[in-house]
Amino acid sequence: MLEQLNEIEKSAMDSLQTIDNESSLDAWRVTHLGRSSALMQVFSGLGALSKEERPVVGQAANRVKIALEAAFADKTGAVKKSALERSLNEETLDVTLPGRTIHVGRLHPSTQQLRRVLAILAEMGFQVYTSREVETDEMNFQLLNFPPHHPARDMQDSLYVATEERGDNPILLRTHTSPGQIHAMRQFAAMNPKDPPPIRIALPGMCFRAEQITARSEVQFNQVEGLAVGKGITLSDLKGTLVEFAHRMFGQNARTRFRASYFPFTEPSAEMDVECFVCGGKGCAVCKNSGWLEILGSGMVHPVVLQNGGYDPNIYSGFAWGMGPERQLMLRYKIEDIRYFWGNDIRFLEQF
Ligand code: DAH
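A brief report on the enclosed structure follows. (Residues numbered from 1 in each chain as written. Predicted model: local features only at pLDDT ≥ 70, side-chain atom pairs only at ≥ 80, totals over all residues. Heavy atoms only, no water.)

Considering the nonpolar core
We apply this condition: Among buried residues, those of type Ala, Val, Leu, Ile, Met, Phe, Trp, Tyr and Cys that are joined through side-chain atoms within 4.5 Å constitute a nonpolar core. Whether a residue is buried, partly exposed or exposed follows from its accessible area with a 1.4 Å probe, protein chains only, as a fraction of its type maximum: under 20%, in between, or over 50%, in that order. Numbered from the N terminus, helices here are DSSP runs of H or I no shorter than four residues, and strands are runs of E no shorter than two. Contacts are assigned to residue pairs that have any heavy atoms within 4.5 Å of one another.
In terms of nonpolar packing, the biggest core is built from 32 residues, with Leu 121, Phe 126, Val 224, Phe 245, Phe 319, Trp 321 and Met 323 touching the most fellow members. Among the secondary structure elements, those contributing two or more residues to this core are helix 5 (109-123), strand 6 (220-230), helix 8 (235-250), strand 8 (266-275), strand 9 (292-301) and strand 10 (317-323). Not counting chain neighbours up to four residues away, the residues in contact with Phe 319 comprise Phe 126, Gly 226, Leu 227, Ala 228, Ile 233, Thr 234, Asp 237, Leu 238, Thr 241, Gly 299, Met 300 and Val 301. Residues Leu 172, Ile 182, Leu 203 and Tyr 316 belong to the second largest nonpolar core, which totals 26 residues.

Okay, structure coming up:
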């Protein structure tokens, strides 16, 4: 019995020697001091021993148990200490290291420009109003004073979504943001049909045309439409607003001019030019030697359009305009090919 105890002690001590981590320490404790360990079996066998043997073996077993427990405690301390040392050595944190740059995405240049435009318009009192990209012919054209088969439709070749059995009112992707004018006027007019409230809104969004894709034309592009409707609004309000916009957008010294133009939904109509940023008005390739760059179409809202929006043209008047953020970026940064915008070439996009 005593010899067996010596063996139990020796083998337990030997295996404890080799242990260097906390999980094998735990396993060791179960094997050598646990309920079904050889040592505990000696204790439970004590009752079967003779009266003389019992105290001798009992004392010896106790001594082994105490020795193993002490050795286990020592080992536990040592293992914990070396684990701590290791982690202190290996996992040092050098707080003087420069931080790592986190690569975050960026906004698309068109989105950035849209936000610049809308921020300026917001300062000038224009609230953002968004409307749908899929429209009926009625909204996109007819209510804007383009009757079916009107030649002005040729300016805006359409991408149709549904034509069958819709007669003169097919569904199409909006070719401009102008149908938003009708949506907005009708919604505002519905608030108080007898005396509709004044409107000052900016309508941003994607437009679509069945264009041949070239350096100068794309099948999709953004527009920002503006609309102001109220009592006593005149052409001077249009000019004042758009010149002020151009100053805030292109600089206080930017020179502007208006040229008479034609749109079915405005009367009179005008296009606004800014002096060429590139040559300062002297004439260059970007402005095709004219010294001017066209940046928007505008006009006094046509009486028919006001009527279609629920505003009595005898009482109300208004002005509207439409401009293209991509075009503004192209002029500003001399981007010579509109296809860059939707080409998703990261080398282009990362420059903004
Ligand atoms: N909708 C026109 C286009 O896409 C732009 C435009 C011109 C909008 C004059 C207007 C406007 O609101 O008054 O070419």
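So that's the structure; there's more coming.
Let's talk about the packing of aromatic side chains
The line we're drawing: Ring pairs are drawn from Phe, Tyr and Trp, using the six-membered ring of Trp, whenever the two centres fall within 6.5 Å, and their geometry is named by plane angle: stacked under 30 degrees, edge-to-face over 60, tilted for the rest. Consider the ring centre and the ring normal. A charge sits over the ring if Lys NZ or Arg CZ is within 6 Å of that centre and within 35 degrees of that normal.
Per the stated rule, a full pass over the model turns up 14 aromatic pairs. Ring geometry for Trp 28 versus Phe 72: centroids 5.6 Å apart, planes at 10 degrees, classification stacked. Placement of the pair is Trp 28 in helix 2 (residues 22-33) and Phe 72 in helix 4 (residues 53-90), with a sequence separation of 44 residues. As far as burial versus exposure is concerned, Trp 28 and Phe 72 are alike and both buried. Ring geometry for Tyr 129 versus Phe 188: centroids 6.5 Å apart, planes at 40 degrees, classification tilted. With a gap of 59 residues between them, Tyr 129 in the loop between strand 1 (127-128) and strand 2 (134-136) and Phe 188 in helix 7 (residues 179-191) connect regions that are remote in the sequence. Neither Tyr 129 nor Phe 188 differs from the other in exposure class; each is buried. Taken together, the aromatic side chains of Tyr 333, Tyr 340, Phe 341, Trp 342, Phe 348 and Phe 352 make up a single cluster linked through ring pairs. The ring of Phe 277 carries Arg 332 above its face, with NZ or CZ at 4.9 Å from the centroid.

What to know about the pattern of salt bridges
Two side chains with opposite charge may pair up if their charged atoms get near one another. Operational definition: Any Lys or Arg side-chain nitrogen found within 4 Å of a carboxyl oxygen on Asp or Glu counts as a salt bridge.
Going through the model one piece at a time under the given rule, you end up with 14 salt bridges. Note that Arg 257 is salt-bridged to Asp 273, the shortest N-O span being 2.8 Å. Note that Arg 257 is positioned in strand 7 (residues 256-261) and Asp 273 in strand 8, a separation of 16 residues in sequence. We classify Arg 257 as partly exposed; its relative accessible area is 32%.

Topic: the site of the ligand
Rule in force here: Consider each residue's heavy atoms; a residue with any of them within 4 Å of a molecule or strand counts as near. The definition of a polar contact used here is a pair of N or O atoms within 3.5 Å, where within protein one atom must be able to donate a hydrogen and the other to accept one, and adjacent residues in sequence count solely through side-chain atom pairs. Under this grouping Gly is polar, as are all residues other than the nonpolar Ala, Val, Leu, Ile, Met, Phe, Trp, Tyr, Cys and Pro and the charged Asp, Glu, Lys and Arg.
The environment of the ligand is formed by 16 residues, the closest being His 176, Ser 178, Arg 209, Gln 223 and Glu 225. Note that an oxygen atom of the ligand is positioned 3.3 Å from one of the backbone N or O atoms of Trp 321. Elements supplying a minimum of two residues to the shell around the ligand: strand 6, strand 9 and strand 10. Classifying every residue of the shell around the ligand gives 4 nonpolar, 10 polar and 2 charged.

Things to note about the packing of helix 2 against helix 4
Note the threshold: For helices, the axis comes from a line fit to the C-alpha atoms of the stretch in contact; other axes are also lines fit to C-alpha atoms, and the angle between any two N-to-C directions lies between 0 and 180 degrees. Angle categories: roughly parallel below 35 degrees, roughly antiparallel above 145, roughly perpendicular from 65 to 115, and oblique for all the rest.
Running from N to C, helix 2 and helix 4 cross one another at 175 degrees; their axes reach a closest spacing of 10 Å. Relative to helix 4, the element helix 2 is oriented roughly antiparallel. Between helix 2 and helix 4, the contacting residues are Glu 22, Leu 25, Trp 28, Arg 29, His 32 and Leu 33 on the first element and Lys 65, Leu 68, Glu 69, Phe 72, Lys 75, Thr 76, Val 79 and Lys 80 on the second. Residue classes in the contact of helix 2 with helix 4 are distributed as 6 nonpolar, 2 polar and 6 charged.

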